[in-house]
Each structure stands twice: as C-alpha cells, then as structure tokens.
Amino acid sequence: MRVLLLGGTADARELHTALRAAGIDVVESLAGRTAQARAAEGALVGGFGGAEGLASYLADPANQITAVVDATHPFAARMSQHAAEASAATSTPLLRLARTGWASHQHAADWVWVPDHGAAAETANHLGGRVLLTVGRQPLPAYHLLPDVVARVAEWQGAWTPQGWRIIEARGPFTLDAELDLLRSAQIATLVSKDSGGELTAAKLDAAHQLGVRVVMVARPAAPAGVPAVDTPAAVIAWLTSAPGPRPHR
Ligand code: NAP
C-alpha cells in the first residue's frame, strides 16, 4: 500500500507521522505556498498541474499509489475538487480528512455567518471599528477597502500593505491568554475568521466572546460530492486498513 497524502495542514503532518508509525508507505504533497512547505524534505512540492496532472500521477505505475488522502485545508477547495476528479478518473480510492468545523461551537449562534470573503469584508465594514483578520494571507485582497485592520498571517511574504493596516506574522496554536492580550492591546472591535475548525486556533473565539468582540465567520466552501470524510488520523488508518467500501489495494 502506498498513500498519496495531500497536505499543507497540521492535521496532515499529524497523519503523516501516524501513517509512518503504522508502517504505511506515504508520499506527501504540498502546494509550496510557504517557506516551511518548500523546505519540506521528501515531499512533492508545487502541485500536479490540475486534476488531469494529478490523474496522470496516480495512473503512473512507477508511483505505485494505491489510495489518496486529502488532508488539505477545508478552504483549499480547488485541490479537493481536483482530488475528487482524479480519483474518479483513475478509480483510486480517496478519503477526506478534515477537522470538524466550528458550526457546533458553543458561541457559533452569536457570530455573523457569511458565505465568502467578499461578504465578510462588507459585513466588517458595516460594523465599523478596528478589524482583526485571521483568514490567512491569500484572501486579504478581498478586504482591501477596510481602513483599520490588524491582519495576522503565518507568513506575510508580500510588499502589499494597505494604508491603515498592521500585519502580524504568527503561527498557531494560540493560547486564550495570548488571544485576550491581542484583542485588548490592539483594541479590536470585530474579529473576522474562516471556519477552519479544530482546536489549534479556536482560542480567539472564546477570547472574542469574553471581551464582547463581534465575530464574522466565513462558512466553508462546499466539499466535492461522494467523497467519504473522517476527522481523525486514527479513522484514516482504520479506513486504509479495513475499508469495507472503496478498496485501498489495487
Ligand atoms: P487551492 O486553492 O485549493 O489549490 C490551488 C492549487 O494549489 C491546486 O490546484 C494545486 O495545484 C496546488 N495545491 C494545493 N494543495 C496542494 C497539495 N497539498 N499538494 C500539491 N498541490 C497542491 O489551495 P490553497 O487554498 O491555495 O492552499 C494551498 C495549500 O495551503 C494547501 O496545501 C492547503 O492545505 C494549505 N492551506 C490552505 C489554507 C486556506 O485557507 N486555503 C489554510 C492553511 C493551509 P495544481 O493544480 O498544479 O496541482
């Protein structure tokens, strides 16, 4: 068995370690958006060239791939779509690993849920006050009209900084105390987040609740239909080793 792991997340790194510990051969693939990803040893870096490129990779007997696990970020919708198409085209079993979203978070009903970053920017603008953006680096152009912003990103990399914006480079996990400090010291009125889910970056939501900071939450993009999904590395290993549905062995 040889698994292609589509990564770029903490969940994928955890799964990679768990697969190796279980004696399962794995090749991890990264988009290469960050310096950390580009420096990853032994990974495929830089993409496949669309769904067709991925299908060619899966169909190439030299690569010996018997199953694909899509552990990309819940907002990496294009890669997930490509994985679904390539899996269908090559009859390679595909499983989605995605952490549980925040729709069931205890404060979720207090947040303004929006369908995309454009709507989040409009909502934050309407609410007024200083905005903390925790949506990653790539969607930031959608927020360019906001005048008073603190944007927290893992890696900035850019020369583009709108006037009135402050950029903080920091990589989670973040503690509740640190999030309370940031929201207080930066005098944040509105927090904009996307529904990444999981625990690693959830403290900001509790901190916002404690301080009465409004939360605008971008909902997850739709997942490709028909792809089975689990939310833990252990469930991935169980699927790979005993899947009653799509067979991981060819
Ligand atoms: P995306 O829009 O879904 O994908 C764009 C292109 O990037 C894909 O068509 C593919 O290129 C390449 N790509 C993405 N993930 C890849 C992977 N694991 N291995 C090889 N190629 C990959 O992706 P994105 O939102 O830019 O995210 C890029 C990476 O950052 C992903 O690995 C994702 O897990 C990670 N990430 C994303 C977010 C987010 O909010 N989007 C947050 C944290 C981490 P080809 O068509 O050439 O194959």
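Everything below is about the structure printed above this text.
Thresholds applied
Residues numbered from 1 in each chain as written. Predicted model: local features only at pLDDT ≥ 70, side-chain atom pairs only at ≥ 80, totals over all residues. Heavy atoms only, no water. Helix = DSSP H or I, 4+ residues; strand = E, 2+ residues; numbered from the N terminus. Rg over C-alpha atoms; globule rule 2.2 N^0.38 Å. Buried < 20%, exposed > 50% of the residue type's maximum accessible area, 1.4 Å probe, protein only. Contact = heavy atoms within 4.5 Å. Areas by Shrake-Rupley, 256 points an atom, 1.4 Å probe, with all protein chains shown as cover. Core = buried A, V, L, I, M, F, W, Y, C linked by side-chain atoms within 4.5 Å. Near = heavy atom within 4 Å. Polar contact = N/O pair within 3.5 Å; in protein donor to acceptor, adjacent residues only side chain to side chain. Nonpolar A, V, L, I, M, F, W, Y, C, P; charged D, E, K, R; others polar. Salt bridge = Lys/Arg side-chain N within 4 Å of Asp/Glu carboxyl O. Pairing = 2+ DSSP bridges. Axes fitted to C-alpha atoms, helices over the stretch in contact; angles between N-to-C directions. Expected span 1.5 Å × (residues − 1). Arc of directions from axis to C-beta.

Undergrad: Which residues make up the overall build of the chain, and what values do they have?
TA: The helix and strand inventory of the chain stands at 8 helices and 12 strands. In summary, the chain has a C-alpha radius of gyration of 19 Å against a globular reference of 18 Å for 250 residues, a match within 12%. Across its three principal axes, the chain shows a C-alpha extent of roughly 55 × 35 × 30 Å. With 250 residues in all, the chain has 47% of them scored as buried. Looking at the chain alone, contacts between residues at least 24 apart form 64% of all its contacts between residues at least 6 apart. Summed over its atoms, the accessible surface of the chain is roughly 12,100 Å², and 52% of this surface lies on carbon and sulfur atoms.

Undergrad: Describe the nonpolar core, listing the residues and the values that go with them.
TA: Ranked by size, the top nonpolar core spans 19 residues in total, and within it Trp111, Leu132, Leu183, Ile188, Leu191, Leu205 and Val215 carry the most contacts. Only helix H6 (176-185), helix H7 (203-211) and strand E11 (214-218) provide two or more residues apiece to this core. Not counting residues up to four positions away in its chain, the partners in contact with Trp111 are Trp102, His105, Leu205, Val215 and Met217.

Undergrad: Describe the site of the ligand, and please don't skip the residues or the numbers.
TA: Near the ligand, the surroundings consist of 22 residues, among which Gly7, Ser29, Phe48, Met79 and Lys194 are the closest. A distance of 2.6 Å separates a nitrogen atom of the ligand from a polar atom in the side chain of Ser29. The contact in question runs from an oxygen atom of the ligand to an N or O atom on the side chain of Arg33, over 3.0 Å. Put simply, the parts of the chain that give the shell around the ligand at least two residues each are strand E2 (25-30) and helix H4 (77-90). Here the residues of the shell around the ligand are counted per class, giving 8 nonpolar, 11 polar and 3 charged.

Undergrad: Can you explain the pattern of salt bridges? Please cite residues and give values.
TA: For the structure on display, the rule yields 7 salt bridges. Across the pair Arg96 and Asp70 runs a salt bridge, and its minimum N-O distance is 3.3 Å. In this pair, Arg96 sits in strand E5 (residues 94-97) while Asp70 sits in strand E4 (residues 67-70), placing the two residues 26 residues apart along the sequence. Each member of the pair, Arg96 as well as Asp70, carries the same accessibility label: buried. Its salt-bridge partner being Glu155, residue Arg171 comes within 3.3 Å of it at the nearest N-O pair. Pair noted here: Arg171 is in the loop between strand E9 (165-169) and H6 and Glu155 is in the loop between strand E8 (149-153) and E9, with a separation of 16 residues, a long-range link. Note on Arg171: relative accessible area 39%, which makes it partly exposed.

Undergrad: Tell me about the sheet that holds E9, and name the residues and values.
TA: Across the sheet, which stays open at both edges, the 6 strands sit in the order E6-E11-E10-E7-E8-E9 with parallel pairing between neighbours. The open sheet is flanked by strand E6 (112-114) and E9, the only strands paired with a single partner. The mean angle between the axes of side-by-side strands here comes to 20°, regardless of whether they run parallel or antiparallel. With 3 bridges connecting them, E6 and E11 associate as parallel partners. Considered in E11, the bridge of Val114 is made with Val218.

Undergrad: Now, about helix H1 (residues 10-21): what can you tell me, with residues and values included?
TA: With 12 residues, H1 extends 17 Å from end C-alpha to end C-alpha; this agrees with the ideal 16 Å at 1.5 Å per step. Of all the positions in H1, only Asp11, Ala12, Leu15, His16 and Leu19 are classed as buried. Down the axis of H1, the sector holding all buried residues measures 140°, keeping them to one side. Every exposed residue of H1 that faces more than 90 degrees away from the buried side is listed here: Thr17, Arg20 and Ala21. Those residues of H1 that are buried lie in contact with strand E1 (2-6), E2, E4, E5 and helix H8 (233-242). Positioned one or two residues after H1, Gly23 has a phi angle of 75°, which is positive.

Any functional reading would require information beyond the geometric quantities listed.
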